[in-house]
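Structure at a glance
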Amino acid sequence: LDQSDLDLDRGNYSSAADAQATLLEQFRAEEVEGMVFEAPEDKVRVAYPGERLRIASLGAIEKSDESFRVIHDGTHGVRVNNDVRQRDQLTMPGAPELRTVVSRAARAGTSCWTVKADFSRAHRRALVRRLDWGLQACRLREGHLWLNRVGTFGIGTASYWWQRLAAILARVILCFAERRELMQLI
């Protein structure tokens, strides 16, 4: 991870500054869904004193539907990702693991099949405890901050919880497989 100096109040990247009006619309729509809320900066500073408030830089990547994926930079300056402590290590299977599964099935004369799942806004579906809302703060206009009640693209915890959920599903599938050989890549 980037070891930049701690900077608790960062400005947005040019990609977010250029898309500010659209991002504000998106945030307002997410506010209706209970994902974020806007509050006066002075009140937020009282609720989250010192290092409990980290105002991150935002970036924006345009998507095909003319909306933007908001990137919450939880690393540079605010160092939120640097302070995240996962409970255990995550490994992600890649091409070598897939090659092994396919070649093993070919040698055994069995077939392989794939199920791929992707959840819309998966990072935005992981709930964040109230104590940590200040760690995911950002600014679109002076004097007001947006706080995330859910995970963001750019803070490294959502994948951990999604993988744990997938592991539960994988274990259920193994129960039904009984003693048949079954390989799963999650």
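This structure is a prediction, so every number in the text was calculated from the model and none was measured.

A look at unusual backbone geometry
Phi at Glu-66 is positive, roughly 70°, even though this residue is not glycine. Using a relative accessible area of 64% as the deciding quantity, one classes Glu-66 as exposed. Although it is not a glycine, Arg-79 adopts a positive phi angle of roughly 55°. Along the chain, Arg-79 turns up in the loop between strand S3 (68-72) and helix H4 (80-83).

Remarks on the confidence of the model for the protein chain
Here the protein chain shows a mean pLDDT of 88. Residues at 70 or above account for 98%. By mean pLDDT, helix H6 (residues 158-177) is the weakest element of the protein chain at 85, and helix H3 (residues 41-47) is the strongest at 98.

Observations regarding the nonpolar core
Leu-23, Phe-27, Leu-58, Leu-140 and Trp-146 are the most contacted members of the largest nonpolar core, which has 14 residues in total. Among the elements of the structure, helix H2 (20-32), strand S2 (58-62), S3 and strand S4 (137-141) are those that each provide at least two residues to this core. When residues no more than four places from it in sequence are discounted, the contact partners of Leu-23 are Ala-16, Ala-60, Phe-68, Val-70 and Leu-140. Listed in part, the 11 residues of the second largest apolar core include Ala-39, Leu-53, Trp-133 and Leu-147.

So, the pairing of strand S5 (residues 144-148)
For S5, the buried fraction is high: 4 of the 5 residues fall into the buried class. As paired elements, S4 and S5 share 3 bridges and run antiparallel to each other. Paired with Ala-137 across the strands is Leu-147, a residue of S5. Turn length for the S4-S5 hairpin, with the two strands adjacent in sequence and antiparallel, is 2 residues, and the turn residue Gly-143 shows positive phi of about 85°.

Brief notes about the pairing of S3
Of the two faces of S3, the one holding Phe-68, Val-70 and His-72 is buried and the one holding Arg-69 and Ile-71 is not buried anywhere. Here 5 bridges tie S2 to S3, and the two strands are oriented antiparallel to one another. From the neighbouring strand, Ile-61 faces S3, where its bridge partner is Arg-69.

Some remarks on the environment of Arg-171
Tracing the backbone through its elements, the reader meets Arg-171 in helix H6. For Arg-171, a relative accessible area of 56% translates into the label exposed. Through-space distance from the C-alpha of Arg-171 to that of Gln-184 is 9.9 Å; in sequence the pair is 13 residues apart.

Brief notes about the pattern of salt bridges
Any two side chains of opposite charge can pair if their charged atoms end up close together. For the structure on display, the rule yields 12 salt bridges. The residue Glu-30 makes a salt bridge to Arg-124 at a minimum N-O spacing of 2.5 Å. On the criterion of sequence distance, the pair formed by Glu-30 in helix H2 and Arg-124 in the loop between helix H5 (95-108) and S4 is long-range, its members being 94 residues apart. In this structure, Glu-30 and Arg-124 share a single accessibility class: buried. A salt bridge links Asp-132 to Arg-129, with the nearest nitrogen and oxygen atoms 2.7 Å apart. The exposed category is assigned to Arg-129, whose relative accessible area is 54%.

Calculation rules
Residue positions are given per chain, counting from 1 as you read along its sequence in written order. Since the coordinates come from a predicted model, pLDDT governs what is reported: local features require at least 70, and pairs of side-chain atoms require 80 or more to be given and counted, while whole-chain, interface and lining totals use all residues. The side-chain figures draw on all heavy atoms in the structure; neither hydrogens nor water molecules are used. Relative accessibility decides the category of a residue: with a 1.4 Å probe and only protein chains considered, values under 20% of the type maximum give buried, values over 50% give exposed, and everything between is partly exposed. Secondary structure elements are taken from DSSP: a helix is a run of H or I of four residues or more, a strand is a run of E of two residues or more, and numbering for both begins at the N terminus. Values of pLDDT, which run from 0 to 100, indicate the predictor's confidence residue by residue. Put simply, a nonpolar core is a bunch of buried Ala, Val, Leu, Ile, Met, Phe, Trp, Tyr and Cys residues held in one set by side-chain atoms that sit within 4.5 Å of each other. Residue contacts follow a heavy-atom distance rule, with two residues in contact if any of their heavy atoms lie within 4.5 Å. Strand pairing is assigned whenever DSSP identifies at least 2 bridges connecting the two strands. Any Lys or Arg side-chain nitrogen found within 4 Å of a carboxyl oxygen on Asp or Glu counts as a salt bridge.

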